[in-house]
Amino acid sequence: LTLPAVSVAATTATAVMGTTNDAIVTFARTGDTTLPLTVNFALGGTAVKWNDYRTPAGDMPVSVTIPAGEILTNLAIVGVTNSTGANPETATFTIETNAAYAIGSPSSATITIVMAGNSVPSTIGGNFAASGKAMVAGHPRLPASFQGP
């Protein structure tokens, strides 16, 4: 039996506090997609989970489930506040070892959390909509905009 390999990437690498510009962390797998796959990860970085960032639902899990039939799942991350006084702050998502999968590459992804007005360029996996604006794939409310410091 070959284990699926899981990887993680920051497909939208910047969350802007107090806006709807969320970061998107994507967990992907290779191999059989017949069953759902739960991927565990550790959090790190300079930002403080729950205080500085969380999901739009208000929680901050340390696992995600890639649904059956799917090769990836996205985790939206909202920039909430700046409890450390650093601007920008970072949050790192590192895949943890599990008997159900092999750790692929990349095994870690970092997002940047900035205060509104201090955006940094985002790395996106997106496309160009009919309007000509870059949109984050699968997230039509998240136009890819770039502002300088």
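Please refer to the structure placed before this passage.
Residues numbered from 1 in each chain as written. Predicted model: local features only at pLDDT ≥ 70, side-chain atom pairs only at ≥ 80, totals over all residues. Heavy atoms only, no water.

Caption draft 1: Focus on the overall build of the protein. A count of helical and extended segments in the protein gives zero helices and 13 strands. Counting from the amino terminus, helix and strand elements in the protein follow one another as β-β-β-β-β-β-β-β-β-β-β-β-β. Pairs at least 24 apart in sequence give 65% of the contacts found in the protein among residues at least 6 apart. When the accessible surface of the protein is summed, it comes to about 7400 Å², and 58% of that surface belongs to carbon and sulfur atoms. (Helix = DSSP H or I, 4+ residues; strand = E, 2+ residues; numbered from the N terminus. Contact = heavy atoms within 4.5 Å. Areas by Shrake-Rupley, 256 points an atom, 1.4 Å probe, with all protein chains shown as cover.)

Caption draft 2: Spotlight on the sheet that holds strand β10 (residues 108-114). One open sheet accounts for five strands, arranged β2-β10-β8-β4-β6; its pairing is mixed. In the strand order of this sheet, the two ends are held by β2 (14-16) and β6 (63-66), each with one partner. In this sheet, neighbouring strand axes are inclined to one another by 30° on average, regardless of whether the strands run parallel or antiparallel. (Pairing = 2+ DSSP bridges. Axes fitted to C-alpha atoms, helices over the stretch in contact; angles between N-to-C directions.)

Caption draft 3: Layout of the packing of aromatic side chains. This model, assessed by the stated rule, comprises three aromatic pairs. Taking the centre distance of 6.5 Å and the plane angle of 65° together, the rings of Tyr 53 and Phe 93 count as edge-to-face. Here Tyr 53 is found in strand β5 (residues 53-54), whereas its partner Phe 93 is found in strand β8 (residues 89-95), with 40 residues between them in sequence. Residue Phe 93 is classed as buried on the basis of its relative accessible area of 0%. Counting every residue linked through ring pairs, the aromatic cluster contains Phe 27, Phe 41, Tyr 53 and Phe 93. (Phe/Tyr/Trp six-rings, centres within 6.5 Å; stacked < 30°, edge-to-face > 60°. Buried < 20%, exposed > 50% of the residue type's maximum accessible area, 1.4 Å probe, protein only.)

Caption draft 4: View of the nonpolar core. The biggest cluster of nonpolar side chains holds 26 residues, and the ones touching the most others in it are Val 39, Ile 77, Phe 93 and Ile 111. Elements supplying a minimum of two residues to this core: β1 (5-12), β3 (23-29), β4 (37-44), β6, β7 (72-79), β8 and β10. If we skip the residues at most four places from it in the chain, Ile 77 touches Ala 15, Asp 22, Ala 23, Val 25, Tyr 53, Arg 54, Met 60, Phe 93 and Ile 111. (Core = buried A, V, L, I, M, F, W, Y, C linked by side-chain atoms within 4.5 Å.)

Caption draft 5: Here's a closer look at the sheet that holds β1. Strand order in the open sheet formed by five strands is β5-β7-β3-β1-β9, and the pairing between neighbours is mixed. At either margin of the open sheet sits one strand with a lone partner, and together these are β5 and β9 (102-103). Judged from the six bridges that link them, β3 and β7 form a sheet pairing that is antiparallel. Bridge pairing in β7 places Val 25 opposite Leu 75.

Caption draft 6: Highlighting the environment of Gly 79. Its place among the elements puts Gly 79 in strand β7. Exposure remark for Gly 79: the relative accessible area of 3% places this residue in the buried category. Distance from Gly 79 to Lys 49, taken between C-alpha atoms, is 10.0 Å for residues 30 residues apart in sequence. Setting aside residues no more than four positions away along its own chain, Gly 79 makes contact with Ala 15, Val 16, Met 17, Gly 18, Asp 52 and Ile 113.

Caption draft 7: A look at the pairing of β7. The buried fraction of β7 amounts to six of the eight residues, a majority that puts the element mostly inside the structure. In the sheet, β5 pairs with β7 via two bridges, with the strands oriented antiparallel. By the bridge assignment, Arg 54 is partnered in β7 with Val 78.

Caption draft 8: Representation of the environment of Ala 86. Its location among the elements puts Ala 86 in the loop between β7 and β8. Residue classification places Ala 86 among the partly exposed residues on the basis of a relative accessible area of 28%. Taking the C-alpha atoms as reference points, Ala 86 and Thr 46, 40 residues apart in sequence, are found 8.1 Å from one another.

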